[in-house]
Amino acid sequence: MSRSAHPAGPRHGDVLPEGHYQAPPADLNALDPKVWSRTVARNAEGVATVGGVDVRTLAAEFGTPAYVLDEADFRARARAWRDAFGESADVYYAGKAFLSKAVVRWLHEEGLNVDVCSSGELHVALAAGMPGERIALHGNNKSVPELEQAVKAGVGHIVVDSFQEIERLAAIADAQGVRQPVLIRITVGVEAHTHEFIATAHEDQKFGLSLSGGLAAEAVRRVLAEPALELRGIHSHIGSQIFDFAGFEVAARRVVGLLAEVRDEHGVELPEIDLGGGLGIAYTADDDPREPAEIAASLREIVRRECAAAELTAPRISVEPGRAIVGPTAFTLYEVGTVKPLEGLRTYVSVDGGMSDNIRTALYDAEYSVALVSRTSEAEPMLARVVGKHCESGDIVVKDAFLPADLAPGDLIAVPATGAYCRSMASNYNHALKPPVLAVADGAARVIVRRETEEDLLRLDIG
Ligand SMILES: Cc1ncc(COP(=O)(O)O)c(C=O)c1O
Ligand SMILES: N[C@@H](CCCC[NH3+])C(=O)O
């Protein structure tokens, strides 16, 4: 088909009534390594491949939509974080980004720990063989059973988030006859430059205990007074999808400041600080993330400098990257169902998934890119909006992106950088079936999380 297939669709250069859009890439067939996982390429027929398997084979064998995870890339990124922080630090992969048994096994093999924030995540981590001491538990409202399970599993530490939780956890640890290591989550008052829904260190939100309001210092007093709790350190997580490193710098400085106060008031030097996760990744070619080695070097230097100034022994550092490890390693593969040009606006490309497999665009106004992957095309760029099949006009996956003007039903398109917070935030809206996660490596693909079926839905519906 040629460009004339959709004569009414706007082209690059057309004046749009609202919003902005990314400039069309110089080559619509290129798969920019900035946003695609590392083994993605096109074969001689122009079909995109990942881990040596072409996407048409994946679609034929496993159906669409599907999350396609590049195992070699995942392992390489996990290793890069591990190596960057070395033996004197701990890397906890944030399971909320995406957790499955296969992923936990890879993390275990690559020497990383796991951070979980619910009994569901804890259960998966343990079921995959992650030792309890390499798991950390988070959450602003952990239930009593969740705390009991975590203490019983011997988790390495629990990050406490309220005075009530300190009491609750002390009672549980006491009843189980153990001394539970804990960190205290504090809010350092940093306004992280990210979407307000994913910033977590300002004062007016639900996480942590405020440093400036004195709640953090009071939490230290209360934990130290509990014989069943062992205060190991302080935790700060300032938000997510952050590129500006200044926030981490301020957070590290304030956390070390609290360690100095604790030493002065209680005569104890806490051995650990956890600076959380939150490092941004490239969703489009405009994003410029930092490498783990550079991040590790900056954090170490800030902590070293601040500790030297406060005459403290530098504590062990832990970090909790989620998105930065898994985000870039997967794409979502969709089949195009309908193509609807809207005169003077843009062309709506409907795919067989939508906000049920990627809520981030609707929730955070997130930017994504997209490409035609089942073939190449020499047609002109067409300004498109990739939408799902849900009963909601906000059901948008990619707001503005250029696709070839000959795009047609049956073509496969893929949205890169969907490894984090897409499957883990997927829903059954409109009774959509959650897509499978396929792990691809060395020329072979396997299902690591299977597609939901209608029987799964009916099994839950016992009415
Ligand atoms: C406490 C904590 N640690 C780590 C993370 C992981 O963040 P990210 O996936 O942005 O690295 C989060 C989520 O933002 C979090 O709340
Ligand atoms: N789920 C969010 C980030 C929040 C991370 C958890 N604290 C996202 O998709 O960007």
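Residues numbered from 1 in each chain as written. Chains lettered and ligands numbered in written order. Predicted model: local features only at pLDDT ≥ 70, side-chain atom pairs only at ≥ 80, totals over all residues. Heavy atoms only, no water.

Under an unreviewed UniProt entry, the name given to the protein is Diaminopimelate decarboxylase, and the source organism is Kitasatospora cineracea.

### A word on the overall build of the protein
Here is the rule we go by: Where helices and strands are cited, they refer to DSSP runs of H or I of at least four residues and of E of at least two residues respectively, numbered from the N terminus. To get the radius of gyration, use the C-alpha atoms; to get the globule rule, take the number of residues to the power 0.38 and multiply by 2.2 Å. For the exposure calls, accessible area comes from a 1.4 Å probe over protein chains only, and a residue counts as buried if that area is under 20% of its type's maximum, exposed if over 50%, partly exposed in between. By definition, residues are in contact when any of their heavy atoms lie within 4.5 Å. Throughout, the Shrake-Rupley method with a 1.4 Å probe supplies accessible areas, and for residues the shown protein chains are the sole cover considered. The convention is simple: Lys and Arg are positive, Asp and Glu are negative, and His and the chain ends are not counted. Where a charge lies is defined by one atom per residue type: Lys uses NZ, Arg uses CZ, Asp uses CG and Glu uses CD.
Within the protein, the regular secondary structure consists of 12 helices and 21 strands. Relative to the 2.2 N^0.38 estimate, which gives 23 Å for 463 residues, the radius of gyration of the protein is 24 Å and therefore close to what a compact globule would have. With the C-alpha coordinates aligned to their principal axes, the bounding extent of the protein is approximately 75 × 50 × 40 Å. Relative to its 463 residues, the protein shows a buried fraction of 57%. In the protein, of all internal contacts separated by at least 6 residues, the share reaching a separation of at least 24 is 71%. Of the roughly 18,800 Å² of accessible surface on the protein, 50% is carried by carbon and sulfur atoms. For the protein, the distance from the average site of its 45 positive side-chain charges to the average site of its 67 negative ones is 2 Å.

### Considering the site of ligand 1
Applied cut-off: Distances are taken per atom, and a residue is near a molecule or strand as soon as one of its heavy atoms is within 4 Å of it. Think of a polar contact as two N or O atoms within 3.5 Å of one another; within protein, one of them needs to be a possible hydrogen donor and the other a possible acceptor, and neighboring residues in sequence only count if both atoms come from side chains.
Residues in close proximity to ligand 1 total 15 residues, the closest being H237, S240, E320, R323 and Y421. Between an oxygen atom of ligand 1 and a side-chain N or O atom of S240, the distance comes to 2.3 Å. Contact distances for ligand 1 include 2.8 Å between an oxygen atom and a backbone N or O atom of R323. Protein chains shield 92% of the accessible area of ligand 1, which is 390 Å² for the free molecule.

### A few points about the nonpolar core
Under the convention used in this document: The term nonpolar core refers to a set of buried residues drawn from Ala, Val, Leu, Ile, Met, Phe, Trp, Tyr and Cys, joined through side-chain atoms within 4.5 Å.
In this structure, L69, F74, Y93, I184 and I413 are the most contacted members of the largest nonpolar core, which totals 111 residues. It is helix α8 (residues 246–266) that contributes the most residues to this core, nine residues altogether. With residues near it in sequence (within four places) discarded, Y93 still touches F74, F98, L99, V103, L107, N113, V114, D115, P321, G322, I325 and V326. Counting residues in hydrophobic clusters, the runner-up holds 23 residues, among them V35, A282, A371 and L438.

### Concerning helix α7 (residues 215–224)
Here is the rule we go by: To obtain the arc, one takes the directions from the helix axis to the C-beta atoms.
Turning to α7, its buried residues are A216, A217, A219, V220 and V223. Summarising the axial view, the buried residues of α7 lie within an arc of 155°, below the 170-degree limit, and thus occupy one face. Check the buried side of α7 and you find it contacts β8 (157–160), α6 (163–175), β9 (180–187), β10 (209–210), β11 (229–235) and α8.

### Some thoughts on the state of the cysteines
Note on terminology: a disulfide is the covalent bond linking the sulfur atoms of two cysteines. Definition in use: In this description, a disulfide is simply a cysteine sulfur pair whose atoms lie within 2.5 Å.
In this structure the tally under the stated criterion is zero disulfides. Take C117: it sits in no disulfide, and the sulfur closest to it among the cysteines is that of C422, at 16 Å. The exposure class assigned to C117 is partly exposed, which follows from its relative accessible area of 29%.

### Quick look at the packing of aromatic side chains
Under the convention used in this document: Ring pairs are drawn from Phe, Tyr and Trp, using the six-membered ring of Trp, whenever the two centres fall within 6.5 Å, and their geometry is named by plane angle: stacked under 30 degrees, edge-to-face over 60, tilted for the rest.
Counted by the stated rule, this structure contains six aromatic pairs. For the pair W81 and F85, a centre-to-centre distance of 5.9 Å together with 5° between the ring planes defines the contact as stacked. Of this pair, W81 and F85 both sit in helix α2 (residues 71–85), four residues apart, which is roughly one turn of that helix. Residue classification places W81 among the buried residues on the basis of a relative accessible area of 3%. Owing to a relative accessible area of 2%, F85 belongs among the buried residues under this scheme. Taking the centre distance of 5.0 Å and the plane angle of 75° together, the rings of Y283 and Y368 count as edge-to-face. Residue Y283 is located in the loop between β12 (272–274) and α9 (292–310), and its partner Y368 is located in the loop between α11 (360–364) and β16 (371–372); the two are separated by 85 residues in the primary sequence.

### Observations concerning the pairing of strand β17 (residues 381–387)
Stated formally: Between any two strands, at least two bridges found by DSSP are needed for them to pair.
Counted residue by residue, β17 has six buried out of seven residues, so it is predominantly covered. Note that strand β15 (residues 347–351) and β17 share four bridges and pair parallel. The partner of V349 across the bridge, within β17, is V386. Bridging between β17 and strand β18 (residues 396–404) involves six bridges; their strand directions are antiparallel. When the sheet's bridge partners are listed, V386 is paired in β18 with V398.

### Let's talk about the pairing of strand β4 (residues 66–70)
Most of β4 sits inside the fold, with five of its five residues counted as buried. Going residue by residue along β4, you find A66, V68 and D70 tucked away on one face and Y67 and L69 tucked away on the opposite face as well. Sheet topology note: the β4/strand β14 (residues 330–341) ladder contains four bridges and is antiparallel. Its bridge partner being in β14, A66 is matched across the sheet by L333. Where β4 and strand β20 (residues 437–441) come together, four bridges link them in parallel fashion. The partner of D70 across the bridge, within β20, is V440.

### A short note on the sheet that holds strand β2 (residues 48–50)
Spatially, β1-β2-β3 is the arrangement adopted by the three strands of the open sheet, whose pairing is antiparallel. The open sheet has two edge strands with one neighbour each: β1 (41–42) and β3 (53–54). When β1 meets β2, the two strands line up antiparallel, connected through two bridges. Paired with R42 across the strands is A48, a residue of β2.

### Brief notes about the pattern of salt bridges
Two side chains carrying opposite charge are able to pair once their charged atoms lie near each other. What counts, and what does not: In the sections that follow, a salt bridge refers to a side-chain nitrogen of Lys or Arg positioned within 4 Å of a carboxyl oxygen of Asp or Glu.
Counted under the stated rule, the structure contains 28 salt bridges. The closest approach of N and O atoms between E306 and R305, which form a salt bridge, is 4.0 Å. Look at E306 and you get buried, because its relative accessible area is 17%. You can call R305 partly exposed: its relative accessible area is 34%. Through salt bridges with shared partners, a single network forms among E71, R75, R79, E109 and E110.

### Some details on the packing of α7 against α8
Here is the rule we go by: Only the stretch in contact is used when a helix axis is fitted, and all axes are lines through C-alpha atoms; the angle between N-to-C directions ranges over 0 to 180 degrees. Convention used here: angles under 35 degrees read as roughly parallel, angles over 145 as roughly antiparallel, angles from 65 to 115 as roughly perpendicular, and any remaining angle as oblique. Should the near helix be turned counterclockwise from the far one by less than a right angle, the crossing is left-handed, whereas a clockwise turn marks it as right-handed.
Taken N-terminus to C-terminus, the directions of α7 and α8 make an angle of 50°; their axes are 11 Å apart at the nearest point. It follows from the interaxial angle that α7 and α8 lie oblique. Along this stretch, α7 crosses α8, giving a crossing that reads as right-handed. Residue-level inspection shows A216, V220, R221 and L224 of α7 in contact with α8, the latter providing L258, V262, E265 and H266.

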